[in-house]
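Residue-level structural notes
One letter stands for each residue in the lines below.
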Amino acid sequence: MSATAMSKLVHSSSFILARQAAFVNRNGLLKTFALSFSTSAIPLSDIKSRRQKWRQPVASAVEIGGVKIAREDVVKDDPTNNVPDSIFTKLGMQLHMRDQHPLGIIKNAIYDYFDTNYDNKFEKFDNLCPLVSTKANFDDVLVPADHVSRSYNDTYYIDSQTVLRCHTSAHQAELLRNGHTHFLVTGDVYRRDSIDATHYPVFHQMEGVRVFSPADWEASGLDPTTYAAEDLKKCLEGLAKHLFGSVEMRWIDTYFPFTNPSFELEIYFQDEWLEVLGCGVTEQEILKRSGKTDNVAWAFGLGLERLAMVLFGIPDIRLFWSSDERFTSQFSKGQLGIKFKPFSKYPPCYKDISFWINESFTENNLCELVRGIAGDLAEEVKLIDNFTNKKGMTSHCYRIAYRSMERSLTDEEINELQWKVRDQIQSKLKVDVR
């Protein structure tokens, strides 16, 4: 995979800190959730063409600490709600909890590193609820009020005050307030995004946080910020070596609203520089709000899919969600870096669509619409042409690539999907198809 392609996997490596908002029990423990499905019998008359017509059943409810949350509580009739059924069905799947899945293998490898090098000091949280408040997702981690991530174009809103977490560290402030000082948080996160081989609206991130007290840095002769930054770099260089072996590394100064100073770690791997993670010394305001006025801390965030695509050689992010045994059987618990052997040789089918856009049009809305119709059969949505005429009207032409990872698609099937896309683009996005 080229450096350019990997650099586009923005959502997997972005380092934004957030926290869990709701569903805390009486003892302050963060509750977990499971998934239940409701399906009905398929009439015999519908069995014909079942393969072409099949759609994944929609979950009836998620269960959080024994309390069921109905689909209507997440995909609901609210003017600010933009969560589709295709996203709701991902709740509770928790790929990172599966020891024989590439994401679970990498998670456990990172756990092993911290357990070995820090004498089991780091607590692990990997089954926390993804429903959070907007305050927790943005305000508590100092995301500016005008930041693009707050928009309905980028984030899945359940209502005006509740979202599906869009940051891997969706629980930092809560955990700090509850007295935790060394912890790793892993989970599924959600963002409205483009459609291609490295982007998916549900992905998995991990955050690590370590808090220091004055006794830790006073003997070193360093100021607290420098001490924390040096400890952070030493920790993460060791983690990169643990995952990738003896590789060349470099640190890049960058900016995040919640850390200062902030860094990105890059490694030279397979003849290219690869961004691995973002990190930094936690802003004092975050610690102050959590009641830790005399402390300093560091934090890092990384994307599990990004690492897995490189370490296992997995070319398409959709594969992580596959239940095909030709994929799942290739990986074993504790076996890091086994190279994936491609099994899908099915050709893509390309369909173009052109339309005059309006002021409210966004590419994320288009991709969300296509995903809602085609699901994971949509491999890529790419802008291939645009122009503005003398009247000031702008036309976009998009090429949609349809491809199944598991079977050949029929012309009838693809045409039906494309006609649905065409109809809904006009009715929902209010554009004029050319």
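Residues numbered from 1 in each chain as written. Predicted model: local features only at pLDDT ≥ 70, side-chain atom pairs only at ≥ 80, totals over all residues. Heavy atoms only, no water.

Neighbouring strands of a sheet are bound in pairs by backbone hydrogen bonds; such pairs are parallel or else antiparallel. Taken in spatial order, the 4 strands make up an open sheet running S17-S18-S16-S19, and their pairing is antiparallel. Unpaired on one side and paired on the other, strand S17 (378-388) and strand S19 (432-433) mark the two borders of the sheet. Bridge count for strand S16 (residues 349-356) against S19 is 2 bridges, and the pairing is antiparallel. By the bridge assignment, Phe 355 is partnered in S19 with Val 433. Where helix H14 (residues 363-374) meets the sheet, it contacts S16, S17 and strand S18 (394-402), and its direction lies at approximately 140° from that of S17. Across the sheet, helix H15 (residues 411-429) touches S16, S18 and S19, and the angle it forms with S16 is around 15°. (Pairing = 2+ DSSP bridges. Helix = DSSP H or I, 4+ residues; strand = E, 2+ residues; numbered from the N terminus. Contact = heavy atoms within 4.5 Å. Axes fitted to C-alpha atoms, helices over the stretch in contact; angles between N-to-C directions.)

Take the nonpolar core next. In a soluble, globular protein the nonpolar side chains are often hidden away together inside. If you look at the biggest cluster of nonpolar residues, it comprises 70 residues, and the most contacted ones within it are Ile 110, Phe 114, Leu 164, Leu 236, Phe 244, Leu 302 and Phe 320. Element by element, the count of residues in this core is highest for helix H10 (residues 224-244), at 10 residues. Leaving out residues up to four positions away in the same chain, Phe 244 has contacts with Ile 267, Phe 269, Val 276, Leu 307, Val 310 and Leu 311. Listed in part, the 23 residues of the second largest apolar core include Phe 355, Phe 361, Leu 369 and Ala 374. (Core = buried A, V, L, I, M, F, W, Y, C linked by side-chain atoms within 4.5 Å. Buried < 20%, exposed > 50% of the residue type's maximum accessible area, 1.4 Å probe, protein only.)

Looking now at the side chain of Lys 292. Position of Lys 292 relative to the elements: it lies in the loop between helix H11 (284-289) and strand S15 (296-303). Although buried, Lys 292 forms no salt bridge, and the nearest oppositely charged side chain, Glu 123, lies 9.8 Å from it. Discounting residues that sit within four places of it in the chain, Lys 292 has contacts with Leu 176, Gly 179, His 180, Thr 181, Val 211 and Leu 287. (Lys, Arg positive; Asp, Glu negative; His and termini not counted. Salt bridge = Lys/Arg side-chain N within 4 Å of Asp/Glu carboxyl O.)

Counted by the stated rule, this structure contains 20 salt bridges. The partner of Asp 159 in a salt bridge is Lys 76, and the shortest N-O contact between them spans 3.3 Å. Residue Asp 159 is located in strand S7 (residues 157-159), and its partner Lys 76 is located in the loop between helix H4 (71-74) and helix H5 (85-88); the two are separated by 83 residues in the primary sequence. Between Lys 124 and Asp 115 there is a salt bridge, with its nearest N and O atoms 2.8 Å apart. Under the relative-accessibility criterion, Lys 124 is labelled partly exposed at 32%. You can call Asp 115 partly exposed: its relative accessible area is 22%. Where salt bridges share partners, they join Asp 316, Arg 318, Glu 379 and Arg 403 into one cluster.

The subject of this paragraph is the pairing of strand S10 (residues 182-190). A large share of S10 lies buried, amounting to 9 of its 9 residues. Across 3 bridges, the pairing between strand S5 (residues 123-125) and S10 is parallel. Looking at S10, one finds that Lys 124 is bridged to Leu 184. Bridging between S10 and strand S11 (residues 202-212) involves 9 bridges; their strand directions are antiparallel. Bridged to Leu 184 within S11 is Gly 208.

None of this, on its own, says anything about what the molecule does.
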